[in-house]
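# Coordinate analysis (summary)
Residue-level listing of the chains:
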4 protein chains.
Amino acid sequence: MDDKTRTDAIHRLKSVAGHVNGIVRMLEDDRYCIDVIKQIQATQTALSRVSEGILDSHLRTCVTTAIQDADRQERERMLDEITEVFRFTGKG
Amino acid sequence: MDDKTRTDAIHRLKSVAGHVNGIVRMLEDDRYCIDVIKQIQATQTALSRVSEGILDSHLRTCVTTAIQDADRQERERMLDEITEVFRFTGKG
Amino acid sequence: MDDKTRTDAIHRLKSVAGHVNGIVRMLEDDRYCIDVIKQIQATQTALSRVSEGILDSHLRTCVTTAIQDADRQERERMLDEITEVFRFTGKG
Amino acid sequence: MDDKTRTDAIHRLKSVAGHVNGIVRMLEDDRYCIDVIKQIQATQTALSRVSEGILDSHLRTCVTTAIQDADRQERERMLDEITEVFRFTGKG
């Protein structure tokens, strides 16, 4: 992963952690269920954005290097991993 | 939302916030991209579980009460909200 | 489910079936992988729209009636089902 | 895409089209809403499996070749596409 992606991901994840703690306070204040669910969904969207940034960087750095240089077995392993994280998102 | 659901949701969300902070440390330690993405996906699953618990409780308390007692407009509003949070999940 | 929702759902599903058969032809014509995947994703979005319409109608008809009239056990069963279809969407 | 993947995808998509037509009949027979929604969700899962198979093959054929042989611009375009189809799945 390149430095810019890592810095950006750290920044976004700290923001998500803060958001989640804010939702804890909403629950402690007995806020309306649907408002809480919408905030949870917003954090899930934010987390998807982080994953996408990391995957994008991973493809451009590690995967590109592996396809250019690594042996077949290592290359296959990396491509399997991409399919695996893609599969997660379509579990539904 | 009933007390048990709220307590359970608070507990799970605090655990998610801790998990997200752990992912920040993974990034700071320059851990492997795919391992990071898998941890992010795990937090998204945990968040879905929290939403489901809250929705379930919401249906059994607020929505049931509204359908039994509230006026038509209020009832419609609550049912619209359910469809809206369901729609979010199928945006893909 | 009300008649308008059913008619609309039938119309949309027939369109989805046609779309899926069109994707079969894309594959037979050896069209570009990513274009095929995007068309598949478009059919998934269309299917989500159908589910949302049916759920919305279900809440306004069957569920509302059950909450107003049915015994506790029947009511619980219907609310469990809502949570179950919601859970499906958050499997990821 | 390799031949085995294409043949498999065509087979699965034809089965999905048949499944969707079966859901049309369920609606015409006025079957229970939740049963219809569950069948729709089953077709969405089946479609995700097809996308995953195609993506997996795409990575191993087109993308691998592009990374080994194509110019930078073509390579970037292909990696952008992967991120784009991944992003779709995390729209929620």
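For the structure itself, consult the block above.
What you are looking at is a predicted structure, and each value in this text was computed from that prediction instead of being measured.

## Considerations on the overall build of chain A
A count of helical and extended segments in chain A gives three helices and zero strands. Helices (α) and strands (β) of chain A occur, in sequence order from the N terminus, as α-α-α. On C-alpha atoms alone, chain A measures out to a radius of gyration of 18 Å, which is more than a quarter above the 12 Å that the 2.2 N^0.38 rule sets for 92 residues. In terms of principal-axis extent, the alpha carbons of chain A reach across some 55 × 30 × 15 Å. Relative to its 92 residues, chain A shows a buried fraction of 53%. In chain A, of all internal contacts separated by at least 6 residues, the share reaching a separation of at least 24 is 50%. A total of about 4,000 Å² of accessible surface is found on chain A, and carbon and sulfur atoms cover 45% of it. Across chain A, the 14 positively charged side chains and the 16 negatively charged ones have centroids separated by 3 Å.

## A closer look at the relation of the copies chain A and chain B
Of the transformation placing chain A onto chain B, the axial shift is 0.0 Å and the rotation is 180°, giving an RMSD of 0.0 Å. Such a combination of rotation and displacement between the chain copies is what one expects of a two-fold axis. Scanning chain A for the C-alpha nearest the rotation axis identifies alanine 17 of chain A, at a separation of 2.4 Å. Here 100% of the interface residues in chain A have copies in chain B that are interface residues too; the copies meet face to matching face.

## Quick word on the interface of chain B and chain C
With 26 residues of chain B at the contact, the number on the chain C side is 27 residues. The interface formed by chain B and chain C holds six salt bridges in total. Among the ionic pairs, aspartate 80 of chain B bridges to arginine 60 of chain C, the shortest N-O distance being 2.4 Å. At the boundary of chain B with chain C, the tally comes to ten residue pairs in polar contact (both at pLDDT 80 or more). Residue assignment for the side of chain B that touches chain C shows that the elements contributing at least two residues are helix H2 (33–69) and helix H3 (72–89) of chain B. Per-element tally for the side of chain B that touches chain C: the top contributor is H2 of chain B, with 13 residues. In the side of chain B that touches chain C, the residues fall into seven nonpolar, ten polar and nine charged.

## Observations regarding the interface of chain A and chain B
Contact with chain A, which involves 43 residues of that partner, is made by 43 residues of chain B. For the chain A and chain B pair, buried surface summed over both sides reaches about 3,800 Å², with 72% attributable to carbon and sulfur atoms. Taken together, the links from chain A to chain B amount to four salt bridges. If you list the elements that add at least two residues to the side of chain A that touches chain B, you get helix H1 (3–28), helix H2 (33–69) and helix H3 (72–89) of chain A. Examining the composition of the side of chain A that touches chain B, we find that 18 residues originate from one element, H2 of chain A, more than from any other.

Rules used in this analysis
Residues numbered from 1 in each chain as written. Chains lettered and ligands numbered in written order. Predicted model: local features only at pLDDT ≥ 70, side-chain atom pairs only at ≥ 80, totals over all residues. Heavy atoms only, no water. Helix = DSSP H or I, 4+ residues; strand = E, 2+ residues; numbered from the N terminus. Rg over C-alpha atoms; globule rule 2.2 N^0.38 Å. Buried < 20%, exposed > 50% of the residue type's maximum accessible area, 1.4 Å probe, protein only. Contact = heavy atoms within 4.5 Å. Areas by Shrake-Rupley, 256 points an atom, 1.4 Å probe, with all protein chains shown as cover. Lys, Arg positive; Asp, Glu negative; His and termini not counted. Charge placed at Lys NZ, Arg CZ, Asp CG, Glu CD. Least-squares fit on C-alpha atoms with pLDDT ≥ 70 in both. Salt bridge = Lys/Arg side-chain N within 4 Å of Asp/Glu carboxyl O. Polar contact = N/O pair within 3.5 Å; in protein donor to acceptor, adjacent residues only side chain to side chain. Nonpolar A, V, L, I, M, F, W, Y, C, P; charged D, E, K, R; others polar. Buried area = accessible area lost by both parts, 1.4 Å probe.

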